[in-house]
Amino acid sequence: MKPLIVANWKMNPLTLKEAKSIFSSVKAGIKGIKNAEVVISPPFLYLAPLKSASSFLFAAQDAYWEDKGAFTGEISALMLKNAGCGYAIIGHSERRKYFHETDESVNKKIKAAVKTGLTPILCVGETQSEKERGETESVLRKEIASALENISDSEMEASKIVIAYEPVWAIGSGTPCSFDQAKSAAGLIRNIIRQKYPSLEVQKLRILYGGSVNGGNASGYIKEAGVNGLLIGGASLIPSEFVKIVESSV
Ligand code: PGA
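Residues numbered from 1 in each chain as written. Predicted model: local features only at pLDDT ≥ 70, side-chain atom pairs only at ≥ 80, totals over all residues. Heavy atoms only, no water.

### Here's the deal with the overall build of the protein
A tally of helices and strands in the protein yields 11 helices and 8 strands. Rg of the C-alpha trace for the protein: 17 Å, near the compact-globule value of 18 Å for 250 residues, within the 12% margin. Counting across all 250 residues of the protein, residues that qualify as buried make up 50%. Taking the intrachain contacts of the protein between residues at least 6 apart in sequence as the baseline, contacts between residues at least 24 apart amount to 72%. Surface exposure of the protein reaches about 11400 Å², of which carbon and sulfur atoms provide 54%. Looking at charge distribution, the protein has the averaged site of its 30 positive side-chain charges lying 7 Å from that of its 26 negative ones. (Helix = DSSP H or I, 4+ residues; strand = E, 2+ residues; numbered from the N terminus. Rg over C-alpha atoms; globule rule 2.2 N^0.38 Å. Buried < 20%, exposed > 50% of the residue type's maximum accessible area, 1.4 Å probe, protein only. Contact = heavy atoms within 4.5 Å. Areas by Shrake-Rupley, 256 points an atom, 1.4 Å probe, with all protein chains shown as cover. Lys, Arg positive; Asp, Glu negative; His and termini not counted. Charge placed at Lys NZ, Arg CZ, Asp CG, Glu CD.)

### A short note on the sheet that holds strand 2 (residues 37–41)
Sheet strands associate in pairs through backbone hydrogen bonding, adopting either a parallel or an antiparallel arrangement. Here we have 8 strands rolled up into a closed barrel, ordered 1-2-3-4-5-6-7-8, and parallel in their pairing. Neighbour-to-neighbour, the strand axes of this sheet turn through a mean angle of 25°, independent of strand direction. Here strand 3 (residues 57–60) pairs with strand 4 (residues 87–90) via 2 bridges, running parallel. Note that in strand 4 the partner of Ala59 across the bridge is Tyr87. Along the sheet, helix 9 (residues 179–196) contacts strand 5 (119–124), strand 6 (162–165) and strand 7 (206–210); its crossing angle with strand 6, the most-contacted strand, is approximately 145°. (Pairing = 2+ DSSP bridges. Axes fitted to C-alpha atoms, helices over the stretch in contact; angles between N-to-C directions.)

### Quick word on the side chain of Asn217
Locating Asn217 in the fold gives a position in the loop between strand 7 and helix 10 (218–223). Here the side chain of Asn217 touches Ser212 through a polar contact of 3.0 Å, landing on its backbone oxygen. The contacts of Asn217, once residues within four sequence positions are left out, are Pro176, Phe179 and Ser212. (Polar contact = N/O pair within 3.5 Å; in protein donor to acceptor, adjacent residues only side chain to side chain.)

### Side note on the packing of aromatic side chains
What the rule picks out here adds up to 9 aromatic pairs. Here Phe23 and Phe58 contribute two aromatic rings whose centre-to-centre distance is 5.6 Å and whose plane-to-plane angle is 45°, an arrangement assigned as tilted. Here Phe23 is found in helix 1 (residues 16–29), whereas its partner Phe58 is found in strand 3, with 35 residues between them in sequence. Overall, Phe23 belongs to the buried group, its relative accessible area being 4%. Among the aromatic residues, those joined into a ring-pair cluster are Tyr165, Phe179, Tyr209 and Tyr221. If you follow Lys131 out to its NZ or CZ, it ends over the ring of Trp169, 4.3 Å from the centre. (Phe/Tyr/Trp six-rings, centres within 6.5 Å; stacked < 30°, edge-to-face > 60°. Lys NZ or Arg CZ within 6 Å of the ring centre and 35° of its normal.)

Now the structure itself:
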C-alpha cells in the first residue's frame, strides 16, 4: 500500500500567488516519486485555481452535508466532488475546538462524503487532559463509533474511509507522539474497526498519523509505527520540508 501523505494547509497562505508558489515547488520536488499518494488540502478558495492547473489529488478541509440551499457560508460535499476533490478532512480537532463541530455533525459529514463519493479522512484523537487521565482508548472508541454510526459494511468498504490518529496535544505543538504510542493507537483503531465491521478486510484500512510531523520524524511513523500515511499541517507549507517528508516516507 502506497503511503498517503496529506498536506493540510489550514487557513494558509494569505494569497493565491503564494498558494501557487508553494504548490508548484511541491509538485516539482516530488515529481519523480511514484510510490506515495500525495494529497494537498488548501483553503476552499484556492481549490479550483490550483486544481485547474494540474491533475493532482486534492482534499477539502471540511464538507457540509446538505447538497445545496440556504446555508450561508457552507460548501457541500457534492460541490467539492463536482470541483474535482477526491478527499475531505472531516472532524479535525480545530473544527471541533473552534467551530463547534460535534460527533453528530461529524457523522452527518461522513455520511454526505460517502454518499457523494468523496473519501473522508476522519480525524480522531485525545486531548492532553484525556491522555493524562488515561482515556485515549475510550476517546478513540467514542469518536469512531459516533462518526461511523449508520455507515454500513458495504459503504465502509466502498468509501475506503481513511482514519487519521491526531492526538490533539501533538498538533502544532512541536511535541510529536512517540512512534510506540502512534503504533499502539493505530492498532487500537484497527481493532475498533474490526469489531464494528467484521467482514471488512481491515488490513486495507488506511490509518494516518498527524501531529508535529516533520522531515526528521516522518519515516519513523511509516517504518517504525507502521501507519499508512501522514497528515501534515505546519511542515506542509514549507515545500523543502514537505518534499523531505514525502521522500522519507517511501
Ligand atoms: P501539525 O498539524 O503538523 O502542524 O502539527 C497537523 C494537523 O493538524 O493535521
